[in-house]
Amino acid sequence: MTRDVRITPSILNANRDDLRNEIAKIASVSDLLHLDVMDDLFVPNFTFDFEASSKIIEECPIPVDAHLMVADVDTVAAAYAEVGAASVTVHVEACEDIRHTLRAIRSGGARAAIAVKPQTEIDRYADFFDEIDMVLVMTVEPGFGGQKFMADMMDKVRRTRSLIGDREIWLQVDGGISLDTIEIARNAGADTFVAGSAVFSAQEPADMVNKLRDKVATQ
């Protein structure tokens, strides 16, 4: 069965000194903007604090998919929903009360999602699938852009697709997605793709988004 495809460019590797123009390059062809929020605690890198993230969410011309790689995620996740993020993803490894946090995100008006690092088993979190709108399977270790796609994560993607069953839950992959890897992830069951380096290192970022979509749209 053909499933809808979503391309969500990440601004992790965009020019952060000119984000307005960087986002404008891909806004007309992208489904959402992927906002990587890192605190230099949960992952060894810092990107945006809540104030900077709020400004991006408020000004972005397309819906924002906020991926929270932060240690205090239970405390802050709902706030991202309340300031207008369309989707808020929390890492299960950082959550103390996953169910409460997911419900708070939904109460704030956003889609709720869980993310798992490469070494985290998805089966442990299947009981939360009735509380979520998306699962993010990391295909690199979170923290930095430009890493090599981990093809051995495709077994986890397939397993996640099986656990989702016929529920209306998006299955997202993030890390190393390019023209060379997106079909691999699609064939494993993913339908929502985060692409950072591949998009913003291209001469024409919008063209790359279209090429990524065309590569998998008919599968």
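Preceding this section is the structure that the text describes.
Residues numbered from 1 in each chain as written. Predicted model: local features only at pLDDT ≥ 70, side-chain atom pairs only at ≥ 80, totals over all residues. Heavy atoms only, no water.

J.: Can you help me understand the overall build of the protein in this one?
T.: Secondary structure assignment for the protein yields eight helices and eight strands. In terms of overall dimensions, the protein has a C-alpha envelope of 45 × 40 × 30 Å along the principal axes. The buried share of the protein, taken over its 219 residues, is 58%. Sequence-distant contacts in the protein: of pairs separated by 6 or more residues, those separated by 24 or more amount to 64%. Accessible surface for the protein amounts to roughly 9,700 Å². Of this, 45% is attributable to carbon and sulfur atoms. The centroid of the 22 positive side-chain charges in the protein is displaced by 5 Å from the centroid of its 37 negative side-chain charges. (Helix = DSSP H or I, 4+ residues; strand = E, 2+ residues; numbered from the N terminus. Buried < 20%, exposed > 50% of the residue type's maximum accessible area, 1.4 Å probe, protein only. Contact = heavy atoms within 4.5 Å. Areas by Shrake-Rupley, 256 points an atom, 1.4 Å probe, with all protein chains shown as cover. Lys, Arg positive; Asp, Glu negative; His and termini not counted. Charge placed at Lys NZ, Arg CZ, Asp CG, Glu CD.)

J.: Just to check I follow, could you spell out the environment of Val137 for this structure?
T.: Looking at where Val137 falls in the secondary structure, it is placed in strand β6 (residues 134–138). Each C-alpha atom, one on Val137 and one on Glu96, is 19 Å from the other, the two residues being 41 residues apart in sequence. With residues up to four places along the chain from it excluded, the contact list for Val137 reads Val116, Lys156, Val157, Thr160, Leu171, Gln172, Val173 and Asp174.

J.: Looking at this structure, I do not really get the sheet that holds strand β5 (residues 111–116). What am I missing?
T.: Note: strands within a sheet are paired through backbone hydrogen bonds, in either parallel or antiparallel orientation. Overall, parallel pairing links the eight strands, which are arranged β1-β8-β7-β6-β5-β4-β3-β2 in an open sheet. Unpaired on one side and paired on the other, β1 (6–9) and β2 (33–38) mark the two borders of the sheet. With strand direction ignored, the average angle separating the axes of adjacent strands in the sheet is 25°. As paired elements, β1 and strand β8 (residues 192–195) share four bridges and run parallel to each other. Its bridge partner being in β8, Ile7 is matched across the sheet by Phe193. Helix α3 (residues 73–82) contacts β2, β3 (64–69) and β4 (87–91) of the sheet and is inclined by roughly 170° relative to β4. (Pairing = 2+ DSSP bridges. Axes fitted to C-alpha atoms, helices over the stretch in contact; angles between N-to-C directions.)

J.: Would you explain the nonpolar core in this entry?
T.: Across soluble globular proteins, nonpolar side chains have a tendency to be buried as a group. Core analysis: the largest hydrophobic core is formed by 75 residues, its most contacted members being Ile11 and Phe193. Residues within four places of Ile11 in sequence aside, it is in contact with Arg16, Leu19, Ile23, Leu33, His34, Leu35, Phe48, Ile56 and Phe200. (Core = buried A, V, L, I, M, F, W, Y, C linked by side-chain atoms within 4.5 Å.)

J.: Would you mind showing me how to read helix α4 (residues 98–107) here?
T.: For an α-helix the count is 3.6 residues per turn, leaving residues at separations of three or four pointing the same way. Among all positions of α4, only Ile98, Thr101, Leu102 and Ile105 are buried. Angular distribution of buried residues about the axis of α4 spans 100°; they occupy a single face of the element. With respect to the buried face of α4, the exposed residues turned more than 90 degrees away are His100 and Ser107. Following α4 by one or two positions, Gly109 adopts a phi angle in the positive range, close to 100°. (Arc of directions from axis to C-beta.)

J.: Help me out: how do you make sense of the packing of α3 against α4 in this one?
T.: The angle between the axes and the distance between the axes are what describe a pair of packed helices. Contact pair α3 / α4: the axes reach a minimum separation of 7 Å and the direction vectors enclose 15°. Taken together, the axes of α3 and α4 lie roughly parallel to each other. As α3 runs across α4, the sense of the crossing is right-handed. Contacts from Val73, Asp74, Ala77, Ala78 and Ala81 of α3 reach α4 at Thr101, Ala104 and Ile105. Residue classes in the contact of α3 with α4 are distributed as six nonpolar, one polar and one charged. (Parallel < 35°, antiparallel > 145°, perpendicular 65-115°, else oblique. Left-handed = near helix turned anticlockwise from the far one by under 90°. Nonpolar A, V, L, I, M, F, W, Y, C, P; charged D, E, K, R; others polar.)

J.: For this particular structure, what's the right way to read the pairing of β3?
T.: The side chains of a regular strand alternate between both faces of the sheet. Among the six residues of β3, six are classified as buried, and the element is accordingly described as predominantly covered. Burial of β3 is two-sided: the residues Val64, Ala66 and Leu68 facing one way and the residues Asp65, His67 and Met69 facing the other way are all buried. Of the strand pairs in this sheet, β2 and β3 are connected by six bridges, and their pairing is parallel. Directly across from Met38, in β3, lies its bridge partner Met69. Judged from the four bridges that link them, β3 and β4 form a sheet pairing that is parallel. Within β4, the position partnered with His67 by the bridge is Thr89. Note on the crossover from β3 through α3 to β4: the handedness is right-handed. (Right-handed = clockwise from strand over helix to strand, strands pointing away.)

J.: Is there a simple way to explain helix α2 (residues 50–59) in this structure?
T.: For α2, the complete set of buried residues consists of Ser53, Ser54, Ile56 and Ile57. The buried residues of α2 occupy one face: seen down the axis, they fall within an arc of 165°. Of the exposed residues in α2, the ones pointing more than 90 degrees away from its buried face are Glu51 and Glu58. Backbone nitrogen of Glu51 and a side-chain oxygen of the N-cap are separated by 3.3 Å at the start of α2; the cap is Asp49. (Polar contact = N/O pair within 3.5 Å; in protein donor to acceptor, adjacent residues only side chain to side chain.)

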